[in-house]
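One-letter residues, chain by chain:
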Amino acid sequence: MLVHNITKGQLEDNLELYEKDNNYFIIACFDDVEEIQKNFDIATYSRGIYENFNDNIKFESHETYDFMSFVFFKFINDRFFFEKINLYHGSNFIILIVDDTNEIHNKIINELRVDYFKPNNGKEELALIYYKFFNNALSEMFESLCCYEERLIETEAKILKSVDHYNFEEIVGMKSMSFSIKKYLRFLLHVGDQISDND
């Protein structure tokens, strides 16, 4: 668990020094949710197994925070890898529940301004973190989609060269995956637009 007390400019690996009136940015694993619940009044959601888009996106607005859950994906070595991400956004906290805390933490922190760790009231930092997180996630997913479609074009070219020896089921499956991912990304962008409008 990575706990940024933005108000005091401190980084901890637990919530032992938690102060209710301070502003927090937390990146934690699913195993850490129980500890987080002791300090933040949030509901929990099971991690489950996510290998496709059957559980696309979930958004709930509670009295003191908003909750969003969505599937993040990467395309590496001709394979898609899927990860469920849960996000809690309150007036003085952003909590990300992920599989790999260090990877997402480093991507966001590396893009924040130099004085991020200096003590301050934290409201602007929370808004910036919220933006950076979604900007990083969507950028990586779009880049993965582009890589996948390039692979799809290469496969189609092979088909044109050797129609008699190619398995057409592969190209049909790849196109189906591409359409599913595009549909999912459009839905996620729509939800993001709605949240921005409500803010």
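Structure report, in brief. A quick note: this is a predicted structure, and the numbers were derived from the prediction, not measured. (Residues numbered from 1 in each chain as written. Predicted model: local features only at pLDDT ≥ 70, side-chain atom pairs only at ≥ 80, totals over all residues. Heavy atoms only, no water.)

A closer look at the overall build of the protein chain
Thought 1: Looking only at helices and strands, the protein chain has 4 helices and 7 strands in total.
Thought 2: Reading the protein chain from its N end, one meets helices and strands in the order β-β-β-α-β-β-β-β-α-α-α.
Thought 3: Looking at the 199 residues of the protein chain, the share that counts as buried comes to 43%.
Thought 4: The long-range fraction of contacts in the protein chain, counting pairs at least 24 apart against all pairs at least 6 apart in sequence, stands at 55%. (Helix = DSSP H or I, 4+ residues; strand = E, 2+ residues; numbered from the N terminus. Buried < 20%, exposed > 50% of the residue type's maximum accessible area, 1.4 Å probe, protein only. Contact = heavy atoms within 4.5 Å.)

Topic: the environment of K182
Thought 1: The residue K182 is located in helix α4 (residues 168–198) in this model.
Thought 2: For the pair formed by K182 and F142, sequence separation is 40 residues and the distance between their alpha carbons is 9.0 Å.
Thought 3: If we skip the residues at most four places from it in the chain, K182 touches L145 and E149.

Observations concerning the side chain of N5
Thought 1: Positionally, N5 belongs in strand β1 (residues 2–5).
Thought 2: When its relative accessible area of 5% is taken as the criterion, N5 is described as buried.
Thought 3: Within the local environment of N5, its side chain forms a polar contact with the backbone nitrogen of K8, the two atoms lying 3.0 Å apart. (Polar contact = N/O pair within 3.5 Å; in protein donor to acceptor, adjacent residues only side chain to side chain.)

Overview of the pattern of salt bridges
Thought 1: Scanning the entire structure with this criterion turns up 3 salt bridges.
Thought 2: A salt bridge links K8 to E19, with the shortest nitrogen-to-oxygen separation between them at 2.3 Å. Here K8, found in the loop between β1 and β2 (10–12), pairs with E19, found in the loop between β2 and β3 (24–29); they are 11 residues apart in sequence, far enough to count as distant.
Thought 3: The exposure class assigned to K8 is partly exposed, which follows from its relative accessible area of 36%. (Salt bridge = Lys/Arg side-chain N within 4 Å of Asp/Glu carboxyl O.)

Here's the deal with the sheet that holds β2
Thought 1: Taken in spatial order, the 7 strands line up as β2-β1-β3-β7-β6-β5-β4 in an open sheet, and their pairing is mixed. The open sheet is flanked by β2 and β4 (57–61), the only strands paired with a single partner. Across the sheet, the axes of successive neighbouring strands diverge by a mean angle of 15 degrees, strand direction being ignored.
Thought 2: The pairing of strand β5 (residues 65–76) with strand β6 (residues 79–90) spans 12 bridges and is antiparallel. Note on β6: the bridge partner recorded for S69 is N86. (Pairing = 2+ DSSP bridges. Axes fitted to C-alpha atoms, helices over the stretch in contact; angles between N-to-C directions.)

Comments concerning the pairing of β4
Thought 1: Pairing of β4 with β5, which is carried by 5 bridges, proceeds in the antiparallel orientation. Directly across from F59, in β5, lies its bridge partner M68.
Thought 2: Between the end of β4 and the start of β5, which pair antiparallel, lie 3 residues.

A word on the nonpolar core
Thought 1: If you look at the biggest cluster of nonpolar residues, it comprises 34 residues, and the most contacted ones within it are F70 and M141.
Thought 2: Within the residue set of this core, elements represented by two or more residues are β3, β5, β6, β7 (93–98), α3 (123–161) and α4.
Thought 3: Core analysis: the second largest hydrophobic core is formed by 17 residues, M1, V3, I36 and I95 among them. (Core = buried A, V, L, I, M, F, W, Y, C linked by side-chain atoms within 4.5 Å.)

Things to note about the environment of C29
Thought 1: Looking at where C29 falls in the secondary structure, it is placed in strand β3.
Thought 2: Sequence separation between C29 and M1 is 28 residues, and the spatial gap between their C-alpha atoms is 6.7 Å.

Comments concerning unusual backbone geometry
Thought 1: One non-glycine residue with positive phi stands out, namely N77, at about 50 degrees.
Thought 2: Notably, D78 is not glycine yet its phi reads approximately 65 degrees, a positive angle.
Thought 3: Examined against the element boundaries, D78 turns out to sit in the loop between β5 and β6.

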